[in-house]
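Given next are the chains, with one letter for each unit.
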Amino acid sequence: EAALNKIFMSYSLPRADYFRHYQVNAAGDVDLVHFFGISGFVLFVLLSAIPVSGYLIPWNTGMKRKLKLAGVGCTGMAFGRILGLGALFLTAVVPIGVVFALNGQIQADVWVLAGTAVLICLSAAALVVFLYQAAGTLLGGTMLLFFAVSGQHFLAGGFLPLVFLPPALQKLAPVLPSTILMDGAKMAVTGVWSMDAVWKLAVMAAVGLALTAAMEVREG
């Protein structure tokens, strides 16, 4: 009877079934090294606008009048500043991309890498220009940029992966700028073109342009 019970128990209650191991990747579709590298890259791009803060503060009345006489409206002013800042971002991003590509850390081909870099720089520039336009002053824009970028970067899981954050923040994260920019940077790292990340970057740039132009109209 004891021998039969042992056989039956070995079939009905195998202990190994209660100790399974599941590997969980807190960084999503990239490993932790690349995740924090992407996070640092996005933070660097957004905060690298601080040295050129003087270019980002709203123009004075005389400058705006001259531009309007030349046929440049509020949308044109906003677009010009975003394009200019995006070009400055690109000059900082390209060397970083080349270094990491040569080290084998980036899997994307040159066209995906170039397209991703342009989208990221324009989207980040649109956000930064809007923040400085909203602040209205040099010091106010710098402080707003630092606190807004740092705060939303934390909520987006840039400092701590989303799996460690409360469920409410996990639902909010996909619409935050840092998440959108990080998803775009992941395209360059993985070499996989994602239309979802592309249209989010495009929407982010368009929203930043629209809000900046609206503030130009209001101030005018």
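Refer to the structure above for everything that follows.
To keep things clear, this report deals only with the structure shown in the data block. None of these values were measured; they are calculated from a predicted model.

Before going further, it helps to spend a moment on the overall build of the protein chain. Along its length, the protein chain carries 10 helices and zero strands. The C-alpha radius of gyration of the protein chain comes to 24 Å, more than 25% above the 17 Å expected for a compact globule of 220 residues. The buried share among the 220 residues of the protein chain stands at 35%. At a minimum sequence separation of 6, the contacts of the protein chain that also span at least 24 residues come to 76%. By element, 72% of the accessible surface of the protein chain is carried by carbon and sulfur atoms, the whole surface being about 12,500 Å². Side-chain charges in the protein chain split into 12 positive and 9 negative, and the spacing between the mean points of these groups amounts to 13 Å.

This part takes up the packing of helix 6 (residues 110-135) against helix 9 (residues 177-190). For the pair helix 6 and helix 9, the least separation of the axes is 9 Å and the interaxial angle reads 165°. In this view, helix 6 runs roughly antiparallel relative to helix 9, as classed from their interaxial angle. Handedness of the helix 6/helix 9 crossing: left-handed. Taking contact as the criterion, the partners of Val112, Leu113, Thr116, Ile120, Ser123, Ala124 and Leu127 in helix 6 are, on helix 9, Pro177, Leu181, Gly184, Ala185, Met187 and Ala188. Per-class residue counts for the contact of helix 6 with helix 9 are 10 nonpolar, three polar and no charged.

A separate point is the environment of Leu162. With respect to the secondary-structure elements, Leu162 resides in the loop between helix 7 (138-155) and helix 8 (167-172). Along the primary structure Leu162 and Ala173 are separated by 11 residues, whereas in three dimensions their C-alpha atoms are 8.0 Å apart. Not counting chain neighbours up to four residues away, the residues in contact with Leu162 comprise Leu155, Ala156, Gly157, Leu169, Gln170 and Ala173.

Before going further, it helps to examine the nonpolar core. By size, the foremost hydrophobic cluster in this structure holds 34 residues, and its most contacted members are Leu46, Leu85, Phe89, Val128 and Leu181. Counting residues per element, the ones that place at least two in this core are helix 2 (32-47), helix 5 (74-102), helix 6, helix 7, helix 9 and helix 10 (195-219). When residues of this core are assigned to their parent elements, the largest contribution, 11 residues, is made by helix 6. Setting aside chain neighbours within four positions, we find Val128 in contact with Leu46, Ala49, Leu56, Leu85, Phe89 and Leu145.

Another point: the layout of surface pockets. Of the voids in this model, the largest pocket is the one considered here, and its volume is about 490 Å³. Examining the composition of the lining of the largest pocket, we find that eight residues originate from one element, helix 5, more than from any other. Grouping the constituent residues of the lining of the largest pocket by class yields 20 nonpolar, five polar and no charged. Considered as a void within the structure, the second largest pocket measures approximately 270 Å³ in volume. If you go around the second largest pocket, you meet 15 residues; those closest to its centre are Val175, Ile180, Val203, Met204 and Val207. Among the secondary structure elements, those contributing two or more residues to the lining of the second largest pocket are helix 6, helix 9 and helix 10. Here the element with the most residues in the lining of the second largest pocket is helix 10; it accounts for seven residues. Here the lining of the second largest pocket is built from residues that sort into 13 nonpolar, one polar and one charged.

What counts as what
Residue indices follow the written sequence of each chain, beginning from 1 at its first position. Per-residue local features of the predicted model are confined to residues with pLDDT of at least 70, and side-chain atom pairs are confined, for both listing and counting, to 80 or more; whole-chain, interface and lining totals are unaffected and use all residues. Water and hydrogen atoms play no part in the side-chain values, which are based on all heavy atoms of the structure. Under the scheme used here, helices are H or I runs from DSSP no shorter than 4 residues and strands are E runs no shorter than 2 residues, and both carry numbers assigned from the N terminus. Here the globule rule is a power law, 2.2 Å times the number of residues to the power 0.38, and the radius of gyration is based on C-alpha atoms. The buried label goes to any residue with under 20% of its type's maximum accessible area, the exposed label to any with over 50%, and the partly exposed label to all in between, with areas taken from a 1.4 Å probe on protein chains only. The criterion used for residue contact is that any of the two residues' heavy atoms lie within 4.5 Å. Accessible surface area values rest on a Shrake-Rupley calculation with a 1.4 Å probe, where residue burial reflects the displayed protein chains alone. His is not counted, nor are the chain ends, whereas Lys and Arg count as positive and Asp and Glu as negative. By convention, the charge on Lys lies at NZ, on Arg at CZ, on Asp at CG and on Glu at CD. Axis definition: a line fit to C-alpha positions, over the contact stretch in the case of helices; interaxial angles, taken between N-to-C directions, run 0 to 180 degrees. To sort the angles, those under 35 degrees are grouped as roughly parallel, those over 145 as roughly antiparallel, those from 65 to 115 as roughly perpendicular, and the leftovers as oblique. In a left-handed crossing the near helix is turned counterclockwise from the far helix by less than a right angle, and in a right-handed crossing that turn is clockwise. Three categories are distinguished: nonpolar for Ala, Val, Leu, Ile, Met, Phe, Trp, Tyr, Cys and Pro, charged for Asp, Glu, Lys and Arg, and polar for the others, with Gly belonging to the last. For the purposes of this section, nonpolar cores are sets of buried Ala, Val, Leu, Ile, Met, Phe, Trp, Tyr and Cys residues that join through side-chain atoms within 4.5 Å. Cavity and pocket criteria rest on a 1 Å grid covering protein atoms alone: a 1.4 Å probe that fits but cannot get out defines a cavity, protein on both sides within 12 Å along at least 5 of 7 lines defines an open pocket, and an atom within 4 Å of a point defines a lining residue. Grid points are joined across faces, edges and corners, and a volume is the space filled by probe spheres set on the points.

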